[in-house]
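# Tertiary structure, described
Take a look at the letters that make up each chain.
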Amino acid sequence: MLETALVDWSRLQFALTAGYHWLFVPLTLGLAVIMATMETVYVATGDEFWKRTAKFWMKLFAINFSVGIATGIILEFEFGTNFSNYSWFVGDIFGAPLAIEGIFAFFMEATFFAVMYFGWEKVSKRFHLASTWLTGIGAAISAVWILVANSWMQHPVGMEFNPDTVRHEMVDFWALVLNPVAISKFFHSVFIGWMTGAIFVIGISCWYLLKRRETRFALASIRIAAMVGIIGTFAVMFSGDSSGVHVAEYQPMKLAAAEGLEDGGERAPFSIVPGVEVPAMLSILATHDADGYVPGINDLLDGYTTPDGVHHLSADEKIERGKIALEAFGEYRALKDTDPEAAAIARQRLDENVDYFGYGYINSKEELVPPVGLVYWAFRVMIGLGSLLLVLMIAVLWAERKAKLRNMRWLLWAALCSIPLVYIAGQAGWIVAEVGRQPWVIEGLLPVKAAVSSVSVAAVQTTFWLFVAIFTLFLAIEIRILLKAIKQGPQIE
Amino acid sequence: MITYEFLQNYWWFLISLLAGLLVFLLFVQGGNALIFLAGRSERERELILNSTGRKWELTFTTLVTFGGAFFASFPLFYSTSFGGAYWVWVLILITFVLQAVSYEFQGKAGNILGKTTFRVFLTLNGCLAPLLIGTAVGTFFTGSAFYVDKSAVGVIAAPTISRWANGWHGLEAVANPFNVEFGLMVMLLTVSLGAMYLINNIDDDKLAQQLRRSLVYSFGLFLVMFVVVLGQILTMDGFAVNASGEVYMESYKYLQNFLSMPVVLALLLIGAVLVVAGVATTLLRKGFTRGIWLSGPGTVLAVMALFMVVGYNDTSYYPSTADLSASLTLANSSSSEFTLRTMAIVSLIIPFVLAYIAYFWRQMDKRSLTTEELEKGDKY
């Protein structure tokens, strides 16, 4: 019998690992661009100041990088250890991007990171600069492939179900790679990295300004970081906008949860906070049309008809068709060797209902609604903090240009305090994307509860707490080492 | 003609190659096992961990890629073994997780646990990771207790395909001496490789002397284990597959595999000769430091041969002792033809990746590591 506790603990363990991983990755993606830009200035001008500036940020980069690697390896293997059914059911598609990520991205990161970190005296200046950029590009390429994999879970494309092998099989590799969800997710995630790196650098630099030390270093770092951050934030907004449209199209329940929208319709309002709404705004965001139809949670559960006359099945109808699919699958498997004719009939029934296969595991329609409160508030936190951070970066850049920044202590304090905010925003975004798609591990095809490994609840609890202890300890150590290193400073002046 | 079967064999070849490269690159772990044994002073310990510390990410990445490639090409192994032998894989992972942060953290102010703790983590990973990985690979020959029922997917209340047959979830592998011997063999080999890598990579006479002494012990013990393990492989019953895919026990299966695949036998022999030659030359010829460049490639070949002998020639590479019919073969556990074909095209990039790694490796290691470099340059 499937244990609810096993499903919950497996899910929690994955959430923990992914959440921690996503603490370290954005800084890697963003800081890479900032320090590579600094080193580029060094190579272009020959000014040692820039070399030392870049090297200081590289030192912080390396400390953070290692924890990202540590959490990342667990993520990859957890698909096998805790979601073994998933690994077979869709491994034919999902394994490929993971393997490609290793071959294309990780070796690049590993090779050029070593050159970047230890190669200052061993390779030429230009060669070293190339290595620094390639480390960052390697990280971005890794993001491409892991997000291709993730996006396929959110919007599965390019595959067919094969009841003989009992799995989905890839039929179109390029559909997988060029999945529109993957493209917007890639830009969204990478540019969140730029934002994170920028706020990190700006915040720390502002601390030096508050302490009235390392002034040249701090101002120079702020100039570059603020530019990267502002470009990044606009790109986050654009990619977020297209992400929204994709969610509306492919995962309407996630959107309804993120909006707390119970009853939808045309000219759906956008909720800023409960009770404060902008009329028709949600329709504009979700469909790029003020009259666009956005279904609410109740519409999705009870079934609805869009203005173009298309009827969308209710949850109960989907569940029923899912049960038919599962039953037909069982019949086909039982009969295929003994009674080919009856098996062919079962096969046809399966094919007709296969799109609802995952719904067959759902017991009641309530299971199909993700935790609305959490997703709703996470969405608001993400957008609210993101906007605040944009304003802050523009203010910092403006003040720096006007040579006023050093004396605007309130702004320096605000920038310093914004470092945790950018992480909270990132985690909130992750919650919207990943909690918002529950109960599905693959949208519509496989709920989490049919994906887990058959291990004991106690085993998963043990590893969960073990990982909590290890990751938390690593995080605490990383923060402490970073603080010490920052306190010591680049010591340029 | 590139058939489905050809692709399955091709991907098993790549898995074997990655396994071979991984064991070679585990010289990082082997070297770290010697931090306290061969490194007597702080200076020597720093030299050792800074030497392996410039390569550890390659080893780590090879492990991750090995996992990813296995997932992409033989997903039933990924789901059955990882989800079943839960504790073995979790333990392996944890040792690598501890390693991943330890280089960076050990020498930094504010690291809470202190320098020695992180070096102990490196040593732990150095000993345990090869031992556990080796033990896990030992089960490729001896089998594991699991069931596979793909039709379970249709059972709403219990849709899990692969189930482990006991509550030990992989830990029971140590009950079979062969698996443990296999693990010890891999560990002792990686320690020997580590010693030779450090001799080659570090320019320090005193440390080199201590490393040579470690090499004598580790390689001596390795030879004993190698003979014990190989003797068993050549005489044990193996898991054979007949034309209709049924798995059955066959006497001297692996010996027969070697005999019917002379190329694989040759790989094993050439590999073994190279491994021995590297060590022997290092120990016998004074001032010879390039042993790793003989024993390393030898390791790659020998490991490849062992993977091939357990996967090719109608053999089950991941047999089930609980239910022979559940045993995994290249044919019944692989990805679809389309996926294998697509990934085969992707794999054409591998020689290029290997080439740039080799190129930058040479660039970075033109000069051996010295105390002076650590004093003035960047170090962990």
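Residues numbered from 1 in each chain as written. Chains lettered and ligands numbered in written order. Predicted model: local features only at pLDDT ≥ 70, side-chain atom pairs only at ≥ 80, totals over all residues. Heavy atoms only, no water.

A few words on a negative patch on the surface. All names here are of chain A. Residues Asp 316, Glu 317, Glu 320 and Glu 366 make up a contiguous surface patch of negative charge. Here Glu 320 lies in helix α12 (residues 315-335). Assessed through its relative accessible area of 52%, Glu 320 is described here as exposed. (Patch = residues over 30% accessible without salt bridge, like charges linked within 9 Å, V, L, I, M, F, W, Y side chains within 5 Å. Areas by Shrake-Rupley, 256 points an atom, 1.4 Å probe, with all protein chains shown as cover. Salt bridge = Lys/Arg side-chain N within 4 Å of Asp/Glu carboxyl O. Lys, Arg positive; Asp, Glu negative; His and termini not counted. Charge placed at Lys NZ, Arg CZ, Asp CG, Glu CD. Helix = DSSP H or I, 4+ residues; strand = E, 2+ residues; numbered from the N terminus. Buried < 20%, exposed > 50% of the residue type's maximum accessible area, 1.4 Å probe, protein only.)

Okay, the nonpolar core next. Counting 290 residues, the largest nonpolar core has A:Trp57, A:Tyr86, A:Phe357, B:Trp12, B:Phe141 and B:Tyr317 as the members making the most contacts within it. With 19 residues, helix α2 (residues 48-81) of chain A is the largest single contributor of residues to this core. Residue-level mapping places this core at the junction of two domains, with at least three residues from each of domain 1 (4-251 + 378-488) and domain 2 (267-361) of chain A. Apart from residues lying up to four places away in sequence, B:Phe141 is in contact with B:Phe178, B:Phe182, B:Ile233, B:Met236, B:Phe239, B:Tyr254, B:Leu306, B:Val309 and B:Val310. Formed by 17 residues, the second largest nonpolar core is a distinct cluster that contains A:Val247, A:Phe270, A:Phe379 and A:Val432. (Core = buried A, V, L, I, M, F, W, Y, C linked by side-chain atoms within 4.5 Å. Domains from an automatic or database assignment. Contact = heavy atoms within 4.5 Å.)

With that settled, the discussion passes to the domain arrangement of chain A. Residues and elements named next belong to chain A. What the domain assignment reports for chain A is domain 1 (4-251 + 378-488) and domain 2 (267-361). Distance from the C-alpha centre of domain 1 to the C-alpha centre of domain 2: 32 Å. Taken residue by residue, the interface counts 17 residues in domain 1 and 19 residues in domain 2. Between domain 1 and domain 2 the total buried area reaches about 1500 Å² when both faces are included, carbon and sulfur atoms providing 61% of it. Our count for the contact surface shared by domain 1 and domain 2 stands at 1 salt bridge. Put simply, Asp 164 and Lys 336 hold a salt bridge, and the shortest N to O gap is 3.3 Å. Connecting domain 1 to domain 2 are 10 residue pairs in polar contact (both at pLDDT 80 or more). Elements represented by at least two residues in the side of domain 1 that touches domain 2 include exactly α8 (215-250), α14 (372-401) and β10 (446-447). With 3 residues, α8 is the largest single contributor of residues to the side of domain 1 that touches domain 2. (Buried area = accessible area lost by both parts, 1.4 Å probe. Polar contact = N/O pair within 3.5 Å; in protein donor to acceptor, adjacent residues only side chain to side chain.)

Right, let's get into the side chain of B:Thr62. Counting through the fold element by element, B:Thr62 comes out in helix α4 (residues 56-73). Given the relative accessible area of 2%, B:Thr62 is considered buried. Once residues within four sequence positions are removed from consideration, B:Thr62 is found in contact with A:Phe107, B:Leu18, B:Leu21, B:Leu22 and B:Leu25.

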